[in-house]
Amino acid sequence: IALTGAAGAFGVAAIAGYGIASRLESLMIPVLFGFGTAAITMIGTNLGAGQIERARRAALVNALVVASAAEAIGLFVSIFPRAWLGIFTTDERVLAVGSSYLHWVGPTYGPIALALELYFAGQGAGRVGWPLFAGAVRFALAAAGAGLVLLAHYELRVAFALVALAALAFGLITLQAFQRTSWHQPQPRAYTP
């Protein structure tokens, strides 16, 4: 919402360019969720069987495979933004804003996918605190970018750069958390009547 408002400060063409460009990421979300929900089942099953290292391996393999596919898409649209944007418009002003967004944010699709897949892994392991914190950091940085545009009159590309930085932080914080967080389950307390 904040970025749409920031784009709105530059007119209808900017909103359209940002909207078209950012929808590609939105279209990838259901695919990421599909892999993520499968990972939750695999991880939960392995943890239930006491196979902690196998669960962590499954989580990491899932995250890396999905992130690699997302990164390939992101790099492609970053280099060839009109391959996506041109499906919807030929307006040069719209294409310019959309291309700017994809140049900045497209290369971060891999870290976004990695973070989301590790978040799902965290759900399976009952360890979602750090991924949620990483999402909050991502939100704060993106909102700061929008704020700089709306309140300090920075160029829209500054917001796009902060959105890209936010995505990198999202991925790195979540990956670090995955590497440092134990998945060993505490023993349940004995029931005493």
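Check the entry above for the structure.
Computed from a predicted model, the values in this text were never measured in an experiment. (Residues numbered from 1 in each chain as written. Predicted model: local features only at pLDDT ≥ 70, side-chain atom pairs only at ≥ 80, totals over all residues. Heavy atoms only, no water.)

Explain the overall build of the protein here, please?
When helices and strands are counted, the protein shows 8 helices and 0 strands. From first element to last, N terminus to C terminus, the protein shows the α and β order α-α-α-α-α-α-α-α. If one aligns the C-alpha atoms of the protein with their principal axes, the spans along those axes are about 70 × 35 × 25 Å. Counting contacts in the protein only where the partners sit at least 6 residues apart, residues at least 24 apart contribute 80% of the total. (Helix = DSSP H or I, 4+ residues; strand = E, 2+ residues; numbered from the N terminus. Contact = heavy atoms within 4.5 Å.)

In this structure, what is going on with the pattern of salt bridges? I would like to understand it.
Two side chains bearing opposite charge may form a pair once their charged atoms approach each other closely. Applying the stated criterion across every chain, the model contains 3 salt bridges. One salt bridge connects Arg93 with Asp91, and the closest N-O pair in it is separated by 3.2 Å. (Salt bridge = Lys/Arg side-chain N within 4 Å of Asp/Glu carboxyl O.)

Whenever I open this one, the packing of helix α7 (residues 129-152) against helix α8 (residues 156-180) confuses me. Can you help?
Helix-helix packing is characterised by the crossing angle of the two axes and by the distance between the axes. Where α7 contacts α8, the axes come no closer than 8 Å and their chain directions differ by 170 degrees. Classified by the interaxial angle, the pair formed by α7 and α8 is roughly antiparallel. Residue composition of the contact of α7 with α8, grouped by class: 23 nonpolar, 3 polar and 1 charged. (Axes fitted to C-alpha atoms, helices over the stretch in contact; angles between N-to-C directions. Parallel < 35°, antiparallel > 145°, perpendicular 65-115°, else oblique. Nonpolar A, V, L, I, M, F, W, Y, C, P; charged D, E, K, R; others polar.)

Sorry, what's going on with helix α5 (residues 92-105) here?
For α5, which comprises 14 residues, the first-to-last C-alpha distance of 20 Å matches the rise-based estimate of 20 Å (1.5 Å per residue) to within 8%. If you check which residues of α5 are buried, you get Val94, Leu95, Val97, Gly98, Ser99, Ser100, Tyr101, Leu102 and Val105. Against the buried residues of α5 lie α2 (12-48), α3 (52-79), α4 (82-85), α6 (109-125) and α8. The distance from a side-chain oxygen at the start of α5 to the backbone nitrogen of Arg93 is 2.8 Å, and the residue carrying that oxygen is Asp91. (Expected span 1.5 Å × (residues − 1). Buried < 20%, exposed > 50% of the residue type's maximum accessible area, 1.4 Å probe, protein only. Polar contact = N/O pair within 3.5 Å; in protein donor to acceptor, adjacent residues only side chain to side chain.)

Even after reading the chapter, I still don't get the nonpolar core, so can you show me in this structure?
Burial of nonpolar side chains together is a common tendency in soluble globular proteins. Ranked by internal contacts, the top residues of the largest apolar core, which has 51 residues, are Ile43, Tyr101, Leu102, Tyr109, Leu156 and Trp183. At the level of secondary structure, the elements contributing two or more residues to this core comprise α1 (2-8), α2, α3, α4, α5, α6, α7 and α8. Here this core takes 11 residues from α2, the largest share from any one element. Not counting the four nearest positions on each side in its chain, Tyr109 is found in contact with Ala21, Leu24, Glu25, Met28, Ala70, Glu71, Ile73, Gly74, Val77 and Leu102. (Core = buried A, V, L, I, M, F, W, Y, C linked by side-chain atoms within 4.5 Å.)

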